[in-house]
Structures are given as structure tokens and as C-alpha cells.
Amino acid sequence: MLKEDHRNYILAGLPFMMLGLIINPWLISWMLNVEFTTTIFSGILVFSIVMIVTGWGIIYKKSTFGKWLGAKYNDVALILLNIVLVFAVLNVIAAIVLFKPEKLPETGSYIHSPADLLKDSIGFMRQVYPGRSDDEIRELVMFRSPYVNHPILEFQEKIQNSKYYNVGFEDIRYDRKVNRENASKYINGSVWVFGGSTTFGQGVSDNETISAFLNMLDTSNTYLNFGVHAYHQSNEIEKLLLLLKKGYKPKSVIFIDGLNDVIRMIETNFHPMETPSLAKSAYNSDYNIATKETGNTVIKQMPVTRLLRLYFGKKKGPDDNLQLPWNKYDDVYDENNLYNKDAKQHFQSTLLRSPYKDIDTIGLNYITWKLQEMYTRNYDFIDHISKAYGFDFTIYYQPIGILSSENQFWKEMKSSRLTPLYRNFNYVIPKIKKSIIEWNYPHFIDITALEDSCSGCYVDLTHYNAQLNKLIARKILATEFKK
């Protein structure tokens, strides 16, 4: 009788064990020629183990298997509960250790932020945007250019379709004259306007940009706004070349530059002609969608795991001992250069460079030299390209809001002169203006003085309001019609 009962338990348990052995992730993956995600792989593996243990229990524990399983379940549940409680306590302790009082950003101590003003001093912003409702002001101010990828250029403006910001064909920002329906018709034989976010028109509506006013004031020509946030002059040339390679032909080309050129030369340490729009763009071959690490999981975001990574993980922050020199640029063709040896650390080192930080005279002189190199080489290149393709061009050196004596976004005008940001720009910009005079290039025009005749003409520290955009448009037309 006992032998017969034992045989019955064996017969009952074997199917479970066989099922567990057959349904395992390695065998299924091999038979079906598929790869499982970690979650599915783990689920199948757990199911397989449970089946094998169940079969073993039925065979060897027989009628006592249920009681044995219940007892083991209670033991495991108690252990797991204690682990969860200990883990929770450790996370609370880690959260307390990691907690740091929020610090004001280094850029916010002496500058009025439009976003903060919307919360704390909406009256101030009503003066900046007279005649606009609070909702309209909020919509204009809170726009942030969401960069999107571009297969050739580093990035471009995201295609927009909203009340005040509309971008479409070939990344043109539209206005009253140029829109989705006719942009492709206008692109040939028109005047192409390149620049950064000031040219794009950050903080103003489609019909208040420099290009929009050019179209209003000069009905005999059509002006297309190719401005892109963060672009400096070399990036604009790359965009120009792309459009030419696509077969488009402009009547004339206008560049409006100055602000971003200084910022990028400070933030990066590359040759003037090898400077990207954003520092992170210089590492795309190493860090891109094909090589990106797995995203942050819930476990990775737990305070205790963050604390462990902080003390025992690989150093991710900038190494002060590997600061990029201010008196020479990186030779990207040198295998021993930090850029080639450790791209991630090189990028971290760029984070130590900022226009908001103090830069010594050696560094400022070198930044000035880099800008001079970029402008002279670019001018020569544009001159040759314009002759080859048969179009006119002009480069306008733009008003710099940081240096404007009328800029209401400095919290205190007198103390602003003592900030690193003002000192850095006030050292570099006058030297570049002097160089423009010395170069005597017929197509390089300094219009920085326009801000002197425009009181309160900024929507933030650097971006122009409609009034200054209109003044710039008039100055451009006065210059263009003299040719």
C-alpha cells in the first residue's frame, strides 16, 4: 500500500518537474530563436523553478507537502517583510543624508528671471509686454525651444504650430507673409536670415521678429527666418550650405551674430572652426541612441542606491585636476588628448567653464582670439561661397543685452557691473568691435549701438522685444539699400 501511494506521488510530481525543466527561458529562447527582455526572462525562470520545487515536494514530502509549504511560506514572508522594513529605514536615512537645501542658481542671484517674475511680480512683466493679457504673457515667456534632432546639423527647432510660435518648412519660423502654405514658394530668390534665438525671436510672436518686420517694411523682397536657439555663426553657415546643397538659391543672405559666439567660445575648448553649438554635441559618436545606457529604474532612483553610487560608484563629476586650459584649444587629432582618451570626463570638464564664472585675463584674451579667428575665416569662406552661388551677404554684429545700460532685467544696474557675466562680456565685446573697424570688411556691420536708442527693449536679459526688432530691421534695410 505504501509503495502504491509512493508511486502515485511520483506520478503526480513528475509532470510538474518535467514542465519546469521544459519551460525554461534558455530552452524556449533556443527553440523559438527569440531574445527575451530581462523582465520576461526572469518571469519564465521563476515559473520554471516553482514548477520543479512543487514536483519535488509532491514526490518527497507527500501528504505533508502542504504543511511544509505553508511553514516555509511563513518563514519566507517574515524574512521578506523584515527586508522591506530595513530597506525602507535605510532609504529614509539615505534621503536625510542626501538632502541639501535648495541653492539659487549662479545665474539667478543678480538677474530677473521672466519665469520667476510671472510668479512673484507679474506687474513687472505687464510693463515688458504692454497690452498683453497675463495668459498671453505667460504663453510667450514660458516657450522653451525644445531642440529636436537633425541628421546632418546638430539639432534644429522643433516644428511648432501654436498661437505665437510657428515653425515648419526647412525649419523656417513663419510670420504674416511667410506661412505653411507658401514658404516653399518663397525659398528661392528670397533673403535668408540666419542667427540664434534673438533672430528666431524668443519671447515675441511670429509677427514681431526681425524677419517679420523686414517683410513689413520691405514689400519688394521676402525675408525667411532661419534663426535657431543656441546657434552661433559657424552653425548658421552649415545650415546655409545644407540649403544650397538641396538646390535652393537665395537672393541675399543675412547673418545676425554676437551673443552665442561668445558663450560657445567660453563653454568649449575646441578650435574656433570646430566649436559645436552645444558642448554635448561634440561626443555624439560615443554617446547616442545606439550606445545609451539603460534608463533610470525605480531601484536606481532609491535614496539608498543613490547614496551608495555617490560614495562607491565611478566618479561622474568634473575633476578639478583636469580643467581645460584657457590658453590653447584641444587638438582633437592628438590621441593623448583628454577629448580622445576620456570623452565623458572631457565633457564634465566643460561644465567648469561658464560665462557666469570669473575668467582671468589670459582666458579672456584667448576667447577674443578665437572669436577673431572664427569671424575672419568665416567671412572669407562666406565671401567665396556667395560669389560661387551668386548671392549677396551681410553680417550684422548684434546688440548685446548683457551690456545694455537700459536692460531692466538686471536686478541692480550698478552692482551688475561687478558680476563675472558683465565683466566677461565687457572685456570681449569691445575688442571684437574694435577688430570689426580694423578689418574694414564691407559686409561686416556693427549695429550694437542700436540698443542705446531703445529704452527697456528686452523681454529678458538677452532677447529683444518687438520695438528693438523693428529698429534692427530698419537698420538692416538702410544698410542693404546702400549697396
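**Quick word on the overall build of the protein**
Move 1: Looking only at helices and strands, one finds 20 helices and 9 strands in the protein.
Move 2: Counting over 483 residues, the protein shows a buried share of 45%.
Move 3: Sequence-distant contacts in the protein: of pairs separated by 6 or more residues, those separated by 24 or more amount to 74%.
Move 4: Carbon and sulfur atoms make up 59% of the accessible area of the protein, which amounts to about 26,500 Å² in all.

**Remarks on the sheet that holds strand 9 (residues 444-446)**
Move 1: If you trace the 5 strands from one edge of the open sheet to the other, you get 6-5-7-8-9, paired in parallel fashion. Both outer strands of the open sheet, strand 6 (223-225) and strand 9, are each paired with one neighbouring strand and no more. This sheet shows a mean twist of 20° between the axes of neighbouring strands, independent of strand direction.
Move 2: Relative to strand 8 (residues 392-397), strand 7 (residues 252-257) runs parallel, the two being bridged by 6 bridges. Looking at the pairing, Phe255 lines up with Ile395 of strand 8.

**Describing the environment of Asn161**
Move 1: If you trace the backbone, Asn161 turns up in strand 3 (residues 160-161).
Move 2: For the pair Asn161 and Arg180, spaced 19 residues apart in sequence, the C-alpha to C-alpha distance is 9.9 Å.
Move 3: Setting aside residues up to four positions removed in sequence, Asn161 forms contacts with Asn166 and Arg180.

**Regarding the packing of aromatic side chains**
Move 1: Inspection of every chain in the model, using the stated rule, returns 23 aromatic pairs.
Move 2: Note on Trp192 and Phe226: the rings are 5.8 Å apart at their centroids and 70° apart in plane angle, and the pair reads as edge-to-face. One end of the pair, Trp192, is in strand 5 (residues 191-195); the other, Phe226, is in the loop between strand 6 and helix 11 (233-245), with 34 residues separating them in the sequence. Of the two residues examined, Trp192 and Phe226, each falls in the buried class.
Move 3: Measuring from ring centre to ring centre gives 5.6 Å for Tyr375 and Phe444, while their planes differ by 90°; the resulting arrangement is edge-to-face.

**A short note on helix 11**
Move 1: When the terminal C-alpha atoms of helix 11 are compared, their 18 Å separation across 13 residues agrees well with the 18 Å that a helix rising 1.5 Å per residue should span.
Move 2: Across the 13 residues that make up helix 11, a large majority, 11, are buried.
Move 3: Here the buried face of helix 11 lies against strand 5, strand 7, helix 12 (259-267), helix 17 (361-389) and strand 8.
Move 4: Two residues or fewer past helix 11, Gly247 is found with a positive phi of approximately 100°.

**Here we look at the state of the cysteines**
Move 1: Within the structure shown, the criterion is met by 1 disulfide.
Move 2: Sulfur-sulfur distance for the disulfide between Cys454 and Cys457 comes to 1.4 Å. On the sign convention where negative is left-handed, the bridge of Cys454 and Cys457, at about -75° about the S-S bond, is left-handed.
Move 3: For Cys457, a relative accessible area of 1% puts it in the buried group.

**Focus: the side chain of His463**
Move 1: Among the structural elements, His463 can be located in the loop between strand 9 and helix 20 (466-480).
Move 2: The exposure class of His463 is buried, given its relative accessible area of 11%.
Move 3: Looking at His463, its side chain comes within polar contact range of the side chain of Ser197, at 2.6 Å.

**Points about the packing of helix 12 against helix 17**
Move 1: Closest axis-to-axis distance for the helix 12/helix 17 pair is 10 Å, and the angle between their directions is 125°. With respect to helix 17, the element helix 12 is oriented oblique. In this structure, helix 12 crosses over helix 17, and the sense of that crossing is right-handed. Taking contact as the criterion, the partners of Asp261, Val262, Met265 and Ile266 in helix 12 are, on helix 17, Ile367, Lys370, Leu371, Met374 and Tyr375.
Move 2: Looking at the contact of helix 12 with helix 17, its residues break down into 7 nonpolar, no polar and 2 charged.

**Here's the deal with the packing of helix 10 (residues 210-217) against helix 20**
When two helices pack together, their arrangement is given by the angle between the helix axes and by the axis-to-axis distance.
Move 1: Two elements in contact, helix 10 and helix 20, have axes whose closest approach is 8 Å; the angle formed by their N-to-C orientations is 55°. In this view, helix 10 runs oblique relative to helix 20, as classed from their interaxial angle. Our pair here, helix 10 against helix 20, has a crossing hand that is right-handed. Of helix 20, the residues touching helix 10 (which contributes Ile210, Phe213, Leu214 and Leu217) are Ala466, Asn469, Lys470, Ile472, Ala473, Arg474, Ile476 and Leu477.
Move 2: Considered class by class, the residues forming the contact of helix 10 with helix 20 number 9 nonpolar, 1 polar and 2 charged.

Parameters at a glance
- Residues numbered from 1 in each chain as written.
- Predicted model: local features only at pLDDT ≥ 70, side-chain atom pairs only at ≥ 80, totals over all residues.
- Heavy atoms only, no water.
- Helix = DSSP H or I, 4+ residues; strand = E, 2+ residues; numbered from the N terminus.
- Buried < 20%, exposed > 50% of the residue type's maximum accessible area, 1.4 Å probe, protein only.
- Contact = heavy atoms within 4.5 Å.
- Areas by Shrake-Rupley, 256 points an atom, 1.4 Å probe, with all protein chains shown as cover.
- Pairing = 2+ DSSP bridges.
- Axes fitted to C-alpha atoms, helices over the stretch in contact; angles between N-to-C directions.
- Phe/Tyr/Trp six-rings, centres within 6.5 Å; stacked < 30°, edge-to-face > 60°.
- Expected span 1.5 Å × (residues − 1).
- Disulfide = S-S within 2.5 Å.
- Polar contact = N/O pair within 3.5 Å; in protein donor to acceptor, adjacent residues only side chain to side chain.
- Parallel < 35°, antiparallel > 145°, perpendicular 65-115°, else oblique.
- Left-handed = near helix turned anticlockwise from the far one by under 90°.
- Nonpolar A, V, L, I, M, F, W, Y, C, P; charged D, E, K, R; others polar.

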